[in-house]
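Chain by chain, the residues:
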Amino acid sequence: MQNEMSADLLPQKLAKSRPLFDGDILRRAIGESFRKLNPMTLAKNPVIFVVEVGALMTTVLLARDVATGSSEFSFNIQIALWLWFTVLFANFAEAMAEARGKAQADSLRKTKTDSIAKRMLSNGHSEKVAASQLRAGDIVICEAGDIIPGDGEVVDGIATVDESVITGESAPVIRESGGDRSAVTGGTRVLSDEIKIRITSNPGETFLDRMIALVEGAERHKTPNEIALNILIAGLTLIFLLAVVTLQPFSQYSATAAGSGAVPSVAVLVSLLVCLIPTTIGGLLSAIGIAGMDRVMQHNVLAMSGKAVEASGDVNTLLLDKTGTLTIGNRQAVEFLPVQGVSDTELAEAAQLSSLADETPEGRSVVVLAKEKYGLRGRELAQHEAHFIPFSAYTRMSGVDINSDRLRKGATDSIVQFVREQGGTVPDDLKEIAERISRQGGTPLAVANGQRALGVIHLKDVVKGGMKERLAQLRRMGIQTVMITGDNPLTAAAIAAEAGVDNFLAQASPADKLNYIKKEQAEGRLVAMTGDGTNDAPALAQADVGLAMNTGTMAAKEAGNMVDLDSNPTKLIEVVAIGKQLLITRGALTTFSIANDVAKYFAIIPAMFMATYPALCALNVMGLNNPKSAVLAAVIFNALIIIALVPLALRGVKYRAGSADALLRRNLLVYGLGGLVVPFPAIWLIDRLVHALGWA
Amino acid sequence: MTSNGVLQIALYFLAVLAIAKPMGAYMARVFAGERTFAHPLLRPLEKGLYRLVGVTEDTEQRWTAYAGSLLSFSFFSFLFVYLLQRMQAALPLNPQKLSSATPDLAFNTAVSFTTNTNWQAYAGETTMSYLVQMSALTVQNFASAAAGVAIAIALIRGLARQQEKTIGNFWVDLTRAVVYLFLPLSLAGALFFCSQGVIQTFSGYTTATTVEGKEQVIAQGPVASQEAIKMVGTNGGGFFNANSAHPFENPTPLTNFVQMLMIFLIPAGLTYTFGRMVGDQRQGWALFAAMSILFLAGVFVIYAAEQSGNPNLTRLGLAAADGNWEGKETRFGIATTSLFAAITTAASCGAVIGMHDSFTPLGGLATLFNMQSGEVIFGGAGAGLYGMLLFAILAVFIAGLMVGRTPEYLGKKIEGKEVKMAMLALIATSAAILLFTGASSVVSFSKDSYWNAGYGPATGNLNNAGPHGFAEVLYAYSSAAGNNGSAFAGLSANTPWYNLTLGVAMLVGRFLIIIPMLAVAGSLAGKKRLAVTTGTLPTHGPLFVGLLVGTVIIIGALTFFPALSLSPVVEHFLMQQGGRF
Amino acid sequence: MWNQLLPGFRMTLALTVLTGMIYPGVVTALCQTLFSAQANGSLIVRNGRVVGSALIGQSFARPEYFHPRPSAAGIDGYDAASSGGSNLGPTSQKLMDRVKATVAKLQAQNPSHQGEWPADLATASASGLDPHISPAAARMQVERVARSRSVSIEQVKEMLVRFTESRDLGFLGEPRVNVLLLNLELDRVLPTK
């Protein structure tokens, strides 16, 4: 229900999702719809404001009907009621969208209890103060069990932290001083160890505060595109206002010319106006925007502004880090390549034994490969006298001594040195094999037994499953992908080809990244990237969409315009899809709204002038019962369609990755042609009902 | 419809198609300041004009200065035309001793000719001296058309350039349009027309004694020179009251064919110029295609309606197969007249070879709708292109959203400012049409009042009663706001009320489109051009053409459906039932 | 302000001279030299008197002449100093009345005619100065003209065929008959006795 987007684009993980019409939210929204009737608030929405003024006018004129005992009373009161419903329905749509955010904000706020902080004094002691008294620059100390009192950076120590409040992810994360994992967020809890934190934000300005404000929509500004669309629909409203207002003198002339009939009543004129002005999109516009933000949130991405979400729909170039985004962070053994005179099996066995104690993913992959390819089973090492040599940065090798065997695996240079030290000679083809692997984008891992060099393990970057398809999908959307990697160009090219990215930036320094973004932008492209390090910050700020990882540094988070709480860089793809979906929904409902008018004209115009020119009956193509039922049917349809489209506005129009041409063709067919056709049978049906119920 | 009629329409359209490219390529060169075959002859004239006027050829203007220059030029143009009419009686070249125009008529006519509308509240042969026809009206036929082309070129530059502040120089564009386009084309056209029988003389009217011995005064004048520019400048203001239906203006079907070609020559060519200037010829052809679809639809609606005739008249014994002949010339017939009516209302020309007032309701409806849809179906010289680009911006905005990107046209983002300007233009013209039509259908004066002397209520000026009368008023303001100039000519519009309100409608229809579109040009010129990807909405394919056509139709239809249903639509049904007023 | 306004003034003045005086002057000079007859109105002179223009229709009421279409130009029609159509719409009672009267007149003048009337002959043209009628409208009048001139129908028919102009270039406009030229030829070749 939550997610209309195609499954391959958006994974079904929706951490904080609620059903669309949750009872609590519904109640909240209904209440809010009435509060929003206040003309001062409604004036911000010109279309619905016009409806309210119309509703007010017809309501006031009811008094006159009562006073004169007019037979029109029952018709007029129905019109007035439906006009009020129209306003309420539009309010309800917005209120629904807001209520979802407010409910989330409430649950966030509950976690924001005022904790006690231990502030370090200059003499090395600490004092207890309320977290609210902390200022940026204060140093606090937190130990296991403490709630971190504010946003800050770890300046000393390492600790595991529970950040589920923010991310919804229960697994603890490691926070340590220095490097890119130093940022901590207020409201999260230290699980083990002790850290010193330098506070970086003042009370009320913390990440949690900002998050609450964002989900609540308190800081909601209209996005540029929303403003432009508002101008369009306000302009259309004005044009229809002119068309309806001038209908009064037109009909006066016509009634005189025909010698029969009269000027249509205010209620009928107002009905026509309300039916014509784009109430559907006018009523749903802000809901669409809020819901778009909400959908981003459901993906555990915090967008700092609606503008950022909108911009993500426009992205032309996606900068993706190789490691962790395109490839599963670890390399895997894919092949054993022995030197001359050594059998495959011998190498495989040596490699396996040397890796048995190696718990790194690379090590495990060696064991798995040996088992799968050569049927070698992990042996009971207890039988033997095994002595494991762990990896050290100094030797750049690891291995095992079993009996007389001294098995080592490691960087080619290190193994060469090891073999020589043992008094052996290195076969010529070892280096050749290693270089060949490098050229193919892999990492060579040499294996030796004492003074014998046995061969090389081919470790390879493994592109994530399905990545190629997703990148192809992006290409169809007109988005080019660029892989960013520290690898040499050779390796980078090989992986780029395998992953199916359009371009790559090898041996990329942060400055290279920044320059690349600037170059793309100068060529008229919008760029999105992810980043987590402090040195990513300039590039994140320069990019049109900068998605910072929540695990990253504060500098990175501040520079980007979105934060991914799951710290999953592939999320960028989902965000782009949501951005597009947001714009499509607006366009689709605008088109639908305008296309609807045709049927409404055919309902109301003949009804209006049946008395003046009976010949106009020819325009009553729907064969509506009588003038009153026709007008009522159109007004009722106009009101109900708003409610009917609330789910679509909140969920967004279905988005399929594809070329612009294909998308437009489809959406024009569904929302353009659909908008033209649907109202005819719908109004006809309502007219039958209205007549059958004796309303008119 | 006859096969010959369809053949005429088809051959005409093919001819337009054939001339669009050479004409467009030529204009692109002219406005880029490149040398053409005409330069050896005309370049000295161009330079001479710069020297006289004090223009430095290579300075460019921002949009505000460009608009300022246009306004200043239009202001003095207005003043000249106004004063010449007011002093007509005292000026030479007035063999019929016609008196000076009243202030309101002079205002209306001055506005009309400086805005390229050429609405004529007067009958030429009984009101305007040769001097006024030549030195006021013909001049404006050149000037207003050249200004329109200049604006279109400036807007194209806005789309073609990136991150620049200026959009060209109005004086240079204006001069080039006059020197390289309108003068040579008019000269050639005038000589051809005269060879076919269009008159060109300064002599007074001729008195003939007819075969049956009656006296017939035959109006004369310098017609050919005005006729040519009236067509090629899409002005449409006839020398005579009957306009191009008058045998002295348009004596044969051949001259008529040339006149029709001349109307579309520049508007159609400009679509090609557009493609060339923005560096993608397909973009130009897309606009051409959209215009063609709308145009041909209009032609065939009118033709079918006129050919099927008026049942009220067949009931009186007229041949049903002949169609509706009231207000049509024998030499042109139903097909040609229908084609011309579609061309003239589509192109905001306003010349006529048949009386639109006497068209069948559906034929009249199509001419009305051509104007109400914004005069963008090829449209006026320059005006059609910038008007169509206005719709392109709106179409792209709504459809662009549906492809999931911030809408862009030719790589330029369409944002709040562009939408605002496009809507402003749209609202202004709709308001001018609807509000003035509304006022005129109810406003009442006494018969001896200044405002509508002799008629009383504004509806007293109508020539027809019932829905058709309402259509006369609606047509008048649609024509004025669309800067078309044709009329349901039964309306006696030469009273202060109509002269002033129609004048205002013309001003709105001209300047409240030009100024917003220049603002758009300025804004777009300053923007970066975005890269084109498969995610970009293509604006050159059939889908976009369909979308553009749909936008033009639906915006026009939604705005004017109520008004139209009370005039031609209901009249159509009434006519079928034999209704009379 | 002035540097905007001044070029505006100068340009208006310059264009007035160029396009409002030099251009029409040059065109007039050329046309009067090259196409003198056309430039002066294609006038037809008979016995030293201008009887009309070959391009401008004039009224004919006598039975021995072919009659033109009804005209809305001027008060009596065919006023060549006051061109224009009737501008009556398709639901106009005035139009119906006028057409009814015309049809009655046609019926009275051409009693032998059977069936529908050619539409052009009962409707007013756009200019009010239409010099033509359709071949059908002319054929319908042949019998009356022949009888009034006491000549054979074939003779008139033959002349009519000669005076029927076909479409320009074979496809432009409609076939037509110039009433004035035909009537002048009738007077020349088959004068009324």
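Residues numbered from 1 in each chain as written. Chains lettered and ligands numbered in written order. Predicted model: local features only at pLDDT ≥ 70, side-chain atom pairs only at ≥ 80, totals over all residues. Heavy atoms only, no water.

Undergrad: Account for the pattern of salt bridges, naming residues and giving values.
TA: Note that side chains of opposite charge can pair when their charged atoms are close. Under the counting rule described, the total for this entry stands at 52 salt bridges over all chains. Across the pair Lys118 of chain A and Glu143 of chain A runs a salt bridge, and its minimum N-O distance is 3.4 Å. Within this pair, whereas Lys118 of chain A is found in strand β1 (residues 116–120), its partner Glu143 of chain A is found in strand β3 (residues 139–143), the two being separated by 25 residues in sequence. Given a relative accessible area of 19%, Lys118 of chain A falls into the buried group. For Glu143 of chain A, a relative accessible area of 36% corresponds to the partly exposed category. Close ionic contact of Glu174 of chain C with Arg167 of chain C constitutes a salt bridge, the shortest N to O distance being 3.0 Å. Overall, the relative accessible area of 16% leaves Glu174 of chain C in the buried class. With relative accessibility at 23%, the residue Arg167 of chain C sits in the partly exposed group. Salt bridges here are not isolated pairs; linked through shared partners, they connect Arg43, Glu46, Glu57 and Arg176 of chain B. (Salt bridge = Lys/Arg side-chain N within 4 Å of Asp/Glu carboxyl O. Helix = DSSP H or I, 4+ residues; strand = E, 2+ residues; numbered from the N terminus. Buried < 20%, exposed > 50% of the residue type's maximum accessible area, 1.4 Å probe, protein only.)

Undergrad: Now, about the interface of chain B and chain C: what can you tell me, with residues and values included?
TA: Facing the 111 residues of chain B at the interface are 99 residues of chain C. Taken over both partners, the interface formed by chain B and chain C buries close to 8400 Å², and the fraction arising from carbon and sulfur atoms is 64%. When residues of chain B are sorted by the area they lose upon contact with chain C, Val211, Glu212 and Thr330 of chain B head the list and together hold 9% of the total. At the boundary of chain B and chain C, one finds one salt bridge. One salt bridge in this structure joins Arg98 of chain C and Glu326 of chain B, with 2.5 Å as the shortest N-O distance. Summed over the shared surface of chain B and chain C, the number is 51 residue pairs in polar contact (both at pLDDT 80 or more). (Contact = heavy atoms within 4.5 Å. Buried area = accessible area lost by both parts, 1.4 Å probe. Polar contact = N/O pair within 3.5 Å; in protein donor to acceptor, adjacent residues only side chain to side chain.)

Undergrad: Please give an account of the interface of chain A and chain B that cites residues and values.
TA: Listed per partner, the contact involves 64 residues of chain A and 61 residues of chain B. Contact between chain A and chain B buries roughly 5200 Å² in total, counting both sides, with carbon and sulfur atoms accounting for 77%. When the buried area of chain A at its contact with chain B is split by residue, Phe250, Tyr253 and Leu664 of chain A rank highest and sum to 14% of it. The tally of links from chain A across to chain B stands at one salt bridge. With a closest N to O distance of 3.7 Å, Asp314 of chain A and Lys413 of chain B form a salt bridge. Of all elements in the fold, only α7 (224–245), α8 (247–258), α16 (467–476), α18 (510–522), α21 (571–609) and α23 (660–677) of chain A reach the threshold of two or more residues within the side of chain A that touches chain B. Among the elements that line the side of chain A that touches chain B, the one with the most residues is α21 of chain A, at 15 residues.

Undergrad: For the sheet that holds strand β21 (residues 562–564) of chain A, give the residues involved together with the corresponding values.
TA: Residues and elements named next belong to chain A. If you walk across this open sheet you meet the seven strands as β9-β21-β20-β19-β10-β17-β18, and the pairing is mixed. Each edge of the open sheet carries a strand with a single partner, namely β9 (301–303) and β18 (503–505). Ignoring which end each strand starts from, the neighbouring axes of this sheet average 20° apart. (Pairing = 2+ DSSP bridges. Axes fitted to C-alpha atoms, helices over the stretch in contact; angles between N-to-C directions.)

Undergrad: Break down the layout of surface pockets for me, citing the residues and quoting the values.
TA: Roughly 1100 Å³ of internal volume is contained in the largest pocket. Sorting the residues of the lining of the largest pocket by element identifies α7, α21 and α23 of chain A together with α10 (281–308), α13 (361–372), α14 (383–402) and α18 (542–576) of chain B as the ones contributing at least two each. Take the lining of the largest pocket: its biggest share by element is 16 residues, from α18 of chain B. A breakdown of the residues in the lining of the largest pocket according to their chemical character gives 38 nonpolar, 10 polar and no charged. (1 Å grid on protein atoms, 1.4 Å probe; cavity = no way out; pocket = protein on both sides within 12 Å on 5 of 7 lines; lining within 4 Å. Points joined across faces, edges and corners; volume = space filled by probe spheres on them. Nonpolar A, V, L, I, M, F, W, Y, C, P; charged D, E, K, R; others polar.)

Undergrad: Can you tell me about the nonpolar core, naming the residues and giving the values?
TA: Ranked by size, the top nonpolar core spans 409 residues in total, and within it Phe182, Phe295 and Tyr409 of chain B carry the most contacts. The leading source of residues in this core is α21 of chain A, at 22 residues. Three or more residues apiece are contributed to this core by two domains, here domain 1 (1–40) and domain 2 (47–189) of chain C. Apart from the residues lying within four places of it in its own chain, the contact partners of Tyr409 of chain B are Leu159, Phe274, Gln283, Leu287, Leu389, Ala392, Val396, Ile414, Thr539 and Phe544 of chain B. (Core = buried A, V, L, I, M, F, W, Y, C linked by side-chain atoms within 4.5 Å. Domains from an automatic or database assignment.)

Undergrad: Give a description of the packing of α8 of chain A against helix α16 (residues 466–481) of chain B that names residues and reports values.
TA: Relative to each other, α8 of chain A and α16 of chain B sit at 150°, their axes nearing to 8 Å. In this structure, α8 of chain A meets α16 of chain B at a crossing whose hand is right-handed. The residues of α16 of chain B that touch α8 of chain A, namely those facing Phe250, Tyr253 and Ala257 of chain A, are Gly466, Gly469 and Phe470 of chain B. Broken down by class, the residue content of the contact of α8 of chain A with α16 of chain B amounts to four nonpolar, two polar and no charged. (Left-handed = near helix turned anticlockwise from the far one by under 90°.)

Undergrad: Quick one: what's the story with the arrangement of the chains, residue by residue and with numbers?
TA: By number of contacts, the leading pair among the two pairs of chains in contact is chains B and C. As for chain C relative to chain A, no contact occurs, and the smallest C-alpha gap between them is 13 Å.

Undergrad: Let's hear about the confidence of the model for chain B: which residues, and what values?
TA: In the predicted model, chain B carries a mean pLDDT of 95, and 100% of its residues have values of at least 70. Interface confidence for the predicted complex, given as ipTM, is 0.96, next to a pTM of 0.90. (pLDDT = per-residue confidence, 0-100.)

Undergrad: Give me the lowdown on empty space enclosed by the protein, citing residues and values where you can.
TA: Residues and elements named next belong to chain B. In the structure shown here, the tally under the stated rule is six cavities of 30 Å³ or more. Quantified by volume, the largest cavity comes out at close to 340 Å³. Lining the largest cavity are 30 residues, with Gly374, Glu375, Thr429, Ala481 and Ile513 sitting closest to its centre. Mapped by element, the contributors of at least two residues to the lining of the largest cavity are α13, α14, α15 (416–442), α16, α17 (496–525) and α18.

Undergrad: How would you summarise the packing of aromatic side chains if you had to cite specific residues and measurements?
TA: Taken as a whole and judged by the stated rule, the model has 40 aromatic pairs over all chains. Ring plane angle 80° and centroid distance 5.1 Å describe the contact between Phe142 of chain B and Tyr23 of chain C, whose orientation is recorded as edge-to-face. Here the residue Phe142 of chain B occupies a position in helix α6 (residues 130–160), and Tyr23 of chain C occupies one in helix α1 (residues 2–34), the pair thus bridging two chains. Both rings, one in Phe170 of chain B and one in Trp171 of chain B, keep their centres 5.2 Å apart while their planes meet at 70°; by these two values the pair is edge-to-face. As far as burial versus exposure is concerned, Phe170 of chain B and Trp171 of chain B are alike and both buried. Linked through ring pairs, Tyr12, Phe13, Phe257, Phe264, Tyr272, Trp285, Phe288, Phe295 and Phe378 of chain B together with Phe171 of chain C together constitute an aromatic cluster. (Phe/Tyr/Trp six-rings, centres within 6.5 Å; stacked < 30°, edge-to-face > 60°.)

Undergrad: Quick rundown of α21 of chain A? Include the residues and the values.
TA: All names here are of chain A. Here α21 is 39 residues long and its end C-alpha atoms lie 57 Å apart, about the 57 Å a rise of 1.5 Å per residue gives. Along its length, α21 shows its largest kink, about 35°, at Lys600. With respect to burial, α21 is a largely interior element, 38 of its 39 residues being buried. (Expected span 1.5 Å × (residues − 1). Bend = angle between axes of the 7 residues up to and from the residue.)

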